[in-house]
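# Secondary and tertiary structure notes
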Amino acid sequence: MFFGLLIALQLTAPGYDRVILGGRVMDPASGLDAVRNVGIQNGRLAIITTNAISGRDTIDATGLVVAPGFIDLHAHGQTPETYRFQALDGVTTALELELGTADVAAWYREREPGQLINYGVSIGHIKVRMAVLHDSGAVMPVADAAYRAATPAEISEITRRIETGLRAGAVSIGAGFTYTPGATRDELVALFRVAGTSRASIHVHIRPGVAGLEEALGLAAETNAPLHVVHINSAALAATPQMLEMIRAAHVTTEAYPYTAGMTEIQSATIQDQYRGAPEARLAEMEWPPTGERLNRESFARYTKVGGPIVIHSNTEAMVLAAIASPLTAIASDAYWRNGMGHPRTTGTYAKVLGHYVREAHALSLMEALRKMTLLPAQRLEPRVPALRHKGRLQVGADGDITIFDPATVIDRSTYREPSLAPVGIQHVLVNGVPVVAKGHVVAGITPGKAVRAP
Ligand SMILES: [Zn+2]
């Protein structure tokens, strides 16, 4: 009687917490591309099989691709609002590795109760410099941290705080040379030396063009720092093919986002230095998001006093296509959102690559695009953050970070005028085994996202 009941329970009880049935499972790490059933137990992938399986919860993935959740190496914002935007675009891990933070311990503490998706941060040279040189800028340096050379004592203090951030578990080091033009070569060498000694990757917004890349490659070679060049699309513009070749030859890593326009703060040094003395025709590259107007000398001066993000139309579609199609680039959004305004890349980067560059333009295969969204970013960070060996893959034992989308319909919808629109075709997104997007809608009131942090 007792044994009979036990057997009956085993036959009828669902085997897994959650199952994803009948989807086209694509795993860039193993090359698996076949219809499979996936079982999740305790937040991890427990089985991938052709056999029938059951669970307490079932997701029907018939006709859909089941992929590892997307890992974004470059996501500003890092608020519940941007985590929501990014979840709808298939992102399960959002990392702020360029600007970063000046206080790693506090940054993680603020997010500790859990977030919608996984999150992580770098110790940021820009932010540390703002703290040490007492800059008044709200987001980016606008005074001493932008333009003044640091004293030897201040350089020591900056590197000491970078080391403190790494000890607190920062994923990497962040830097942006165009935001801190006052930093001397001595300061940058000291910064890169910390990266070289600690083997933490240093994610750098380089100065524009070939000379900017040569400078960063020189610093990395001199200090043995593991260099990652952020948004090669906007750093290289017309020199994109040449700079990708330099990156390949130097064995450093890079990333790109799929838009011809960039965005940053109008008061930042990178905008002021570029456009203050520029001819009127170049000022029209800038678009003021609240009105959509292109700028001239008068409006540039006026909006500089106001402050806020500015759209910069500076690249061509041919160069963006070269950056997105390259096997060297991780897809990284550079998500940018503040006070209800931002760039459409915040909400549409991954859907745009899958819908436009894969399906419509045939610029790269679906598996290759997925590799650049999952495995490539995970592998970049694994030496310092071993936990990422369990992300970016769809394999037994991996974290239950999964993005399920319709390859026939997936596409972004956001525009520069309307940047908050969710894409279509991203159907289900799971973070640590828990659905955060179901049938294209965010699931409210849950926080399965965990900290991604160096040990
Ligand atoms: Zn940048």
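In what follows, the accompanying structure is described. (Residues numbered from 1 in each chain as written. Predicted model: local features only at pLDDT ≥ 70, side-chain atom pairs only at ≥ 80, totals over all residues. Heavy atoms only, no water.)

### As for the nonpolar core
With 105 residues, the main nonpolar core has Ile173, Leu227, Leu370 and Phe405 as its most contacted residues. In terms of residue count, the dominant contributor to this core is helix H7 (residues 185-198) (7 residues). With near-sequence residues (within four places) excluded, Phe405 lies in contact with Leu64, Val65, Ala67, Phe70, Leu354, Leu366, Leu370, Val410, Gly425, Ile426 and Gln427. Within the second largest apolar cluster, 13 residues are counted, among which are Leu45, Val66, Ile402 and Ile404. (Core = buried A, V, L, I, M, F, W, Y, C linked by side-chain atoms within 4.5 Å. Buried < 20%, exposed > 50% of the residue type's maximum accessible area, 1.4 Å probe, protein only. Helix = DSSP H or I, 4+ residues; strand = E, 2+ residues; numbered from the N terminus. Contact = heavy atoms within 4.5 Å.)

### Examining the coordination of the zinc ion
Coordination of the zinc ion by the protein involves Glu98 (OE), His205 (ND1) and His231 (NE2), with metal-donor separations of 1.9 to 2.4 Å. Ordering the donors of the zinc ion by residue number gives the pattern E-x106-H-x25-H. With His205 in strand S10 (residues 202-205) and His231 in the loop between strand S11 (227-229) and helix H9 (232-236), the pair connects residues that are 26 residues apart, well separated along the chain. (Donors = N, O, S within 2.8 Å, 3.2 Å for Na, K, Ca; no water.)

### As for the packing of aromatic side chains
With the rule as written, the count across this model stands at 8 aromatic pairs. With a centroid separation of 5.3 Å and an interplanar angle of 20°, the aromatic rings of Phe70 and Tyr350 are classed as stacked. Of the two residues, Phe70 sits in strand S6 (residues 70-72) while Tyr350 sits in helix H15 (residues 345-360), which places them 280 residues apart along the sequence. On the basis of an interplanar angle of 40° and a centroid distance of 6.3 Å, the ring pair of Tyr108 and Tyr119 is categorised as tilted. Separated by 11 residues along the polypeptide, Tyr108 in helix H3 (residues 104-111) and Tyr119 in strand S8 (residues 118-124) bring together distant segments of the chain. (Phe/Tyr/Trp six-rings, centres within 6.5 Å; stacked < 30°, edge-to-face > 60°.)

### A few points about the packing of helix H4 (residues 125-132) against helix H6 (residues 152-167)
Contact pair H4 / H6: the axes reach a minimum separation of 10 Å and the direction vectors enclose 130°. Compared by their axis directions, H4 and H6 come out oblique. Crossing handedness for the pair H4 and H6: right-handed. Residues His125, Val128, Arg129, Ala131 and Val132 of H4 touch H6, and the partners they reach there are Glu154, Glu157, Ile158, Arg161 and Ile162. Along the lines of polarity and charge, the residues of the contact of H4 with H6 split into 5 nonpolar, 1 polar and 4 charged. (Axes fitted to C-alpha atoms, helices over the stretch in contact; angles between N-to-C directions. Parallel < 35°, antiparallel > 145°, perpendicular 65-115°, else oblique. Left-handed = near helix turned anticlockwise from the far one by under 90°. Nonpolar A, V, L, I, M, F, W, Y, C, P; charged D, E, K, R; others polar.)

### Structural notes on the pairing of strand S16 (residues 309-313)
The element S16 is largely enclosed, with a buried count of 4 among its 5 residues. In terms of strand pairing, strand S13 (residues 261-265) meets S16 through 5 bridges, oriented antiparallel. What sits directly across from Glu265, in S16, is Pro309. Across 2 bridges, the pairing between strand S14 (residues 286-288) and S16 is antiparallel. Within S16, the position partnered with Glu287 by the bridge is Val311. (Pairing = 2+ DSSP bridges.)

### Quick notes on the environment of Gly440
Mapped onto the elements, Gly440 comes out in the loop between strand S22 (434-438) and strand S23 (441-442). Looking at Gly440, the relative accessible area reads 26%, which means it is partly exposed. Placed 12 residues apart in sequence, Gly440 and His428 show a C-alpha to C-alpha distance of 6.3 Å. Sequence-distant contacts of Gly440, that is, excluding residues within four places in its chain, are made with Leu88, Ile426 and Gln427.

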